[in-house]
Every structure is written in C-alpha cells, then in structure tokens.
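Structural overview
Chain by chain, the residues run as shown.
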Amino acid sequence: MVSRASDISVESALKQLAEKGWVLIPSVYPESLMKEIISEFYQHEQAFIDIQKKKGIADKVIDATHHTPVLCRKMLKLLEPNKTHPILEQFFDGKYILNTMGLSKIRPGGEVYTQNIHRDVRSFHGAEKLWINTLIMLDDSTTENGATWVLEGSEHSPEKPDEEKFFKQAVRAEGKAGDVLLFDGHIWHCAGQNHSREVRHIITPFFSKPFIKQQLDYPRAFGPDFGNTCSAHLKQLLGYNALTPVSLDDFYQTDENRFYQSDQG
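The present account deals with the structure reproduced in this document. (Residues numbered from 1 in each chain as written. Predicted model: local features only at pLDDT ≥ 70, side-chain atom pairs only at ≥ 80, totals over all residues. Heavy atoms only, no water.)

**Digging into the pairing of strand S6 (residues 180-184)**
Here is the rule we go by: Only protein chains enter the calculation, and the probe is 1.4 Å; a residue is then buried if its accessible area is under 20% of its type maximum, exposed if over 50%, and partly exposed in between. Think of it this way: any DSSP run of H or I at least four residues long counts as a helix, any run of E at least two long counts as a strand, and we number them from the N terminus.
With five of five residues buried, S6 lies mostly within the body of the structure. Side chains Val180, Leu182 and Asp184 project from S6 onto one buried face, and the interleaved Leu181 and Phe183 project onto a second face that is buried too.

**Remarks on the nonpolar core**
Spelled out, the test is: Buried Ala, Val, Leu, Ile, Met, Phe, Trp, Tyr and Cys residues that are joined via side-chain atoms within 4.5 Å together make up what is termed a nonpolar core. Contact definition: two residues touch when any of their heavy atoms are within 4.5 Å.
Membership of the largest hydrophobic core comes to 41 residues, with the highest contact counts inside it found for Met34, Met75, Leu78, Leu79, Ile203, Phe207 and Leu238. If you tally residues by element for this core, the top one is helix H2 (residues 31-54), at five residues. Beyond its immediate chain neighbours, meaning those up to four positions away, Phe207 contacts Leu79, Leu88, Phe92, Tyr96, Ile97, Leu98, Asn99, Leu130, Trp131, Ile132, Thr134 and Leu237. Trp22, Leu24, Leu181 and Ile202 belong to the second largest nonpolar core, which has 10 residues in total.

**Structural notes on the sheet that holds strand S4 (residues 148-150)**
Just so we agree on the cut-off: Two strands are said to pair when DSSP picks up at least two bridges between them.
Taken together, three strands build an open sheet; the order of strands is S5-S4-S7 and the sheet is antiparallel. A single partner strand is all that each edge strand has here, and the edge strands are strand S5 (171-173) and strand S7 (189-190). Alignment of S4 against S5, held across three bridges, turns out to be antiparallel. Paired with Thr148 across the bridge in S5 is Ala173.

**Side note on the sheet that holds strand S1 (residues 22-25)**
Stated precisely, the cut-off is as follows: As a rule, the C-alpha atoms of each element are fitted with a line to give its axis, helices using only the stretch in contact, and angles between N-to-C directions run from 0 to 180 degrees.
Across the sheet, which stays open at both edges, the five strands sit in the order S1-S6-S3-S8-S2 with antiparallel pairing between neighbours. Here the strands that pair on one side only, and so sit at the sheet edges, are S1 and strand S2 (97-106). Put simply, the sheet's adjacent strands are angled 20° from each other on average, direction ignored.

**Quick notes on a nonpolar patch on the surface**
Quick reminder of the rule: Patch membership needs two things, relative accessible area over 30% and no salt bridge, and members are linked within 9 Å if like-charged or within 5 Å if nonpolar (Val, Leu, Ile, Met, Phe, Trp, Tyr). Surface accessibility follows the Shrake-Rupley procedure with a 1.4 Å probe radius. Residue values consider only the protein chains on display as shielding. The rule for a salt bridge is simple: a side-chain nitrogen of Lys or Arg has to be within 4 Å of a carboxyl oxygen of Asp or Glu.
A cluster of nonpolar side chains, Leu248, Phe251 and Tyr252, forms an exposed patch at the surface whose accessible area comes to about 420 Å². Relative to the helices and strands, Leu248 resides in helix H8 (residues 248-251).

**Thoughts on helix H3 (residues 85-92)**
Heads up, the rule is: Note that the arc is computed from the directions linking the helix axis to the C-beta atoms.
Among the residues of H3, those classed as buried are Ile87, Leu88, Phe91 and Phe92. All buried residues of H3 project into a common sector of 120° when viewed along the axis, lining one side. Buried residues along H3 sit against helix H1 (10-20), S1, strand S3 (131-137), S6 and strand S8 (200-208). Phi turns positive one or two residues past the end of H3, at Asp93, with a value near 55°.

**Remarks on the pairing of S3**
When you tally the buried positions in S3, you get seven out of seven residues, the bulk of the element. Side chains of S3 alternate between two faces, with Trp131, Asn133, Leu135 and Met137 and Ile132, Thr134 and Ile136 buried alike. Across five bridges, the pairing between S3 and S8 is antiparallel. In the sheet register, Met137 faces S8, and the bridge partner there is Ile202. Pairing of S3 with S6, which is carried by five bridges, proceeds in the antiparallel orientation. Directly across from Ile136, in S6, lies its bridge partner Val180.

Taken by themselves, the reported measurements are silent on function.
In structure tokens form, the structure reads like this:
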C-alpha cells in the first residue's frame, strides 16, 4: 500500500499528478456522509436497474449506475467546496464543470465492466488539461476488496498496455472511506477483484473544461429552478454557467445574461 499522509498541499498534489498521473487526497469527507450516501443509493438503485433492463443493456452495466445524483440528491453534497477544489481549480487554471458522475459497486466475487483495463478519455489529446477523473471512496479501498489498479506514467501513452505489463507494473490505490483519488483522464487503470466479504462502493465524478460537452445535460436534468436555488459553487459545477443557446433570442444577451459566461474559458 502507498504510504498515507494525513494531508497534502495543493502544490504537492499537482506535483504528484504531473509525475505519476494520480494522487490520493485523504479525509475529504466524513465517514458518516459516506454511509448516508450508500443508504440513499439503495433506496433508488432499482430505478436504475429498471431503466437498464428496459433499454436492453442491463447485462452490460451490472452494478454500475450513471448520473446517479439525478435521483440520489444527497450525492450533490460531495460537489460542494472541499479540499479538492483548489487543486482542481489550479489543474484547470480556472473554471471547470462536472462531466459525469456515477456510483458503482463490486460485490464479493462479483464482476463489473470497470475491471477491464481502460482509460476514461477515449480521444488522446496529450498534455492538454481538459479532463480529470476523481474517485470517491465510500468504503475503505484495499487490495482485498478491489482497490483500483493504476499504471503510473501511462497517461502519456495512447496505446493500451497488454495485461502482463499492466498487472506487473501497476500500483494499487488504497485508501479510507472519505478519501478521494484524483487521476489523469488518460491514465490506464481498472478496478480490482473483490476477495472480501463486503461490497465495495465508489463514486466517480469526472470534471472537464466548461466547453467540453457533458455526458448528461445536468442543467436540463435538474431544471432551471434548481440552478436559481443551489449554491453558486454547485451552479458552476453542474454547468449552468456554460449553457448552449437554442435560439437567436437565447443567443443575443447582455454580458450578465449570457448562456455561456465569459469566464468559462
């Protein structure tokens, strides 16, 4: 297991991101909130399963849900200001938004598609800082229960490594409930096998520059009224300041009323 620090500075986090492609931020959230979020998720899990079955893809996304906060609103607490925000702000050199966010779990002996070696940005764009992945540990993540494998330095390679090289050289990103893993969107990684007796839960919010299209139109999903009542920070992250006009009437606006605000990059 990689040694665990009690805290980490913004500068140190960015340095490790640049050198290794990933960094663990300890104790971002209280364990009580992690338990609260897991509990709420199980109240809504069947709704996701029903939609997946209706669309004929349930066998492809077993134990994975996408855009989970649309139904599980307590997850939005995870997006409010915390110790990852100044790191992300400096990484992007300005504003950023939520691109996608979902909860997945690995049952003891279970399988999920994220156990395949993959990277989450399909188009390789080199050193451009357009996207960053995060992984929120709702439970302790250990080698026994499937902690994520990460191949350090692979964010510089557009080619997928073969399995032998990957598992020989990759490291395990272990951590405690409430820790957050930040990693380059290009890095090759995968979830591990769960050999424990307990389910391992994680949430993966991915963030991008505001001009990158979101995988779900969160402002439309949550509605305009929500954007007028949530915090300014959450409004920014959900993309309410980076909207696309749909008519000329929408497009022609004074600066303060522009759909895509001038500070969004």
